Amino acid sequence: MATQDTVSLRAAVREDARLLARLIDIAGEGIPSWLWSQGAAPGQSPLDYGTERACRETGGFSYRNATVAEFRGTPVGMMLGYVIPEPSDEERREVASLPAPIRPFVELEHRAVGTFYVNAVAVLPDRRGLGIGAKLLRAAEASARHAEAPETSIQVYSQNAGAVRLYERFGFRIVDRTPVILHPCPPHHDEDVLLMTKSVLA
């Protein structure tokens with residue numbers, strides 16, 4: 001377990017964008033890079049395109065919504081989170097036209113309006129087991145309170161038993177689920193996407 005003086009948290013800056021893209025691809029188990037490969041310009045790698053998106057000032061996947069964890073001064077993890085706004089009627093209608101694998105996630109987001117949504121928590125593989133993920137989850141709760149959101153929410157594959165147990169230990173409970181739509185990125189989960197929430201009211 002890392003000690004308090006070896007792990008620190010800070011707000012992300014634009015220069016973290018490439019790390020954020022790497023980490024959200026880890027958290028999304030390859031789905032982000034698959035989506036980025038479809039939006040990338042000719043000759044542009046998926047990671048370059050993801051980095052470009054992380055540099056944006058607005059949107060869910062923006063460095064402005066990220067908290068970075070550093071281990072002995074080196075960035076090794078991140079938490080991406082924000083309050084889910086009420087979707088417009090047009091946004092609800094557009095769900096049907098989204099790439100099939102991400103529809104379940106967006107549908108569940110629309111069922112968690114007003115919560116502080118933890119879009120991703122990820123730590124580089126060689127820095128896992130140090131309690132960094134837990135520290136980032138606690139930071140998400142603090143951000144939720146600061147935003148005056150009544151709950152935090154998170155999504156996870158039902159087959160990712162280790163992550164489900166971790167979130168349950170933190171007080172998250174399963175409140176909804178929707179079937180996975182298969183995608184070309186291994187591992188090929190084929191059960192449900194879970195929506196888990198936790199109250200942050202004092």
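Just so we're clear, the structure is a prediction, and the values are computed from it rather than from any experiment. Per-chain numbering applies: the sequence of each chain, read as written, is numbered from 1 onward. In keeping with the model being predicted, local features are shown solely for residues with a pLDDT of at least 70 and side-chain atom pairs are shown and tallied solely at 80 or more, while totals for entire chains, interfaces and linings include all residues. Note that water and hydrogens are dropped before the side-chain values are worked out from all heavy atoms of the structure.

1. Some words on the environment of isoleucine 154
- Tracing the sequence through the fold places isoleucine 154 in strand S5 (residues 151–157).
- Type-normalised accessible area, obtained with a 1.4 Å probe on protein chains alone, sets the label of each residue: buried when under 20%, exposed when over 50%, and partly exposed for intermediate values. Since its relative accessible area comes to 3%, isoleucine 154 is described here as buried.
- Measuring from C-alpha to C-alpha, the distance between isoleucine 154 and aspartate 16 comes to 23 Å, with 138 residues separating the pair along the chain.
- Leave out the neighbours within four places in its chain, and isoleucine 154 touches Tyr117, Val118, Leu137, Tyr167, Phe172, Leu194, Leu195 and Met196. What counts as a helix is a DSSP run of H or I of at least four residues, what counts as a strand is a run of E of at least two, and both are numbered from the N terminus. In what follows, residue pairs with any heavy atoms lying within 4.5 Å of each other are defined as contacts.

2. Digging into the packing of aromatic side chains
- Any two rings among Phe, Tyr and Trp, with Trp reduced to its six-membered ring, count as a pair given centres within 6.5 Å; such a pair is stacked if its planes are under 30 degrees apart, edge-to-face if over 60, and tilted if neither. A full pass over the atoms with the stated rule returns 4 aromatic pairs.
- Judged by centre distance (6.0 Å) and plane angle (10 degrees), the ring pair of tryptophan 36 and phenylalanine 61 falls under stacked. Here tryptophan 36, found in helix H2 (residues 31–39), pairs with phenylalanine 61, found in the loop between helix H3 (46–54) and strand S2 (66–71); they are 25 residues apart in sequence, far enough to count as distant.
- Residue tryptophan 36 is classed as buried on the basis of its relative accessible area, which comes to 6%.
- Among the residues examined, phenylalanine 61 registers a relative accessible area of 12% and is labelled buried.
- Ring plane angle 85 degrees and centroid distance 5.8 Å describe the contact between phenylalanine 105 and tyrosine 157, whose orientation is recorded as edge-to-face. Placement of phenylalanine 105 in helix H5 (residues 103–110) and of tyrosine 157 in strand S5 is noted, with a sequence separation of 52 residues between them. Neither residue differs from the other here; phenylalanine 105 and tyrosine 157 are each classed as buried.

3. Looking at the side chain of glutamine 155
- Note on placement: glutamine 155 falls in strand S5.
- By relative accessible area, which is 12% here, glutamine 155 ends up buried.
- N or O atoms within 3.5 Å of each other form a polar contact, as long as, within protein, one can give a hydrogen and the other can take it, and as long as residues adjacent in sequence are counted only when both atoms are side-chain atoms. Among the polar contacts listed, one links the side chain of glutamine 155 to the backbone oxygen of phenylalanine 105, at a separation of 3.0 Å.
- There is a polar contact of 3.2 Å between the side chain of glutamine 155 and the side chain of tyrosine 117.

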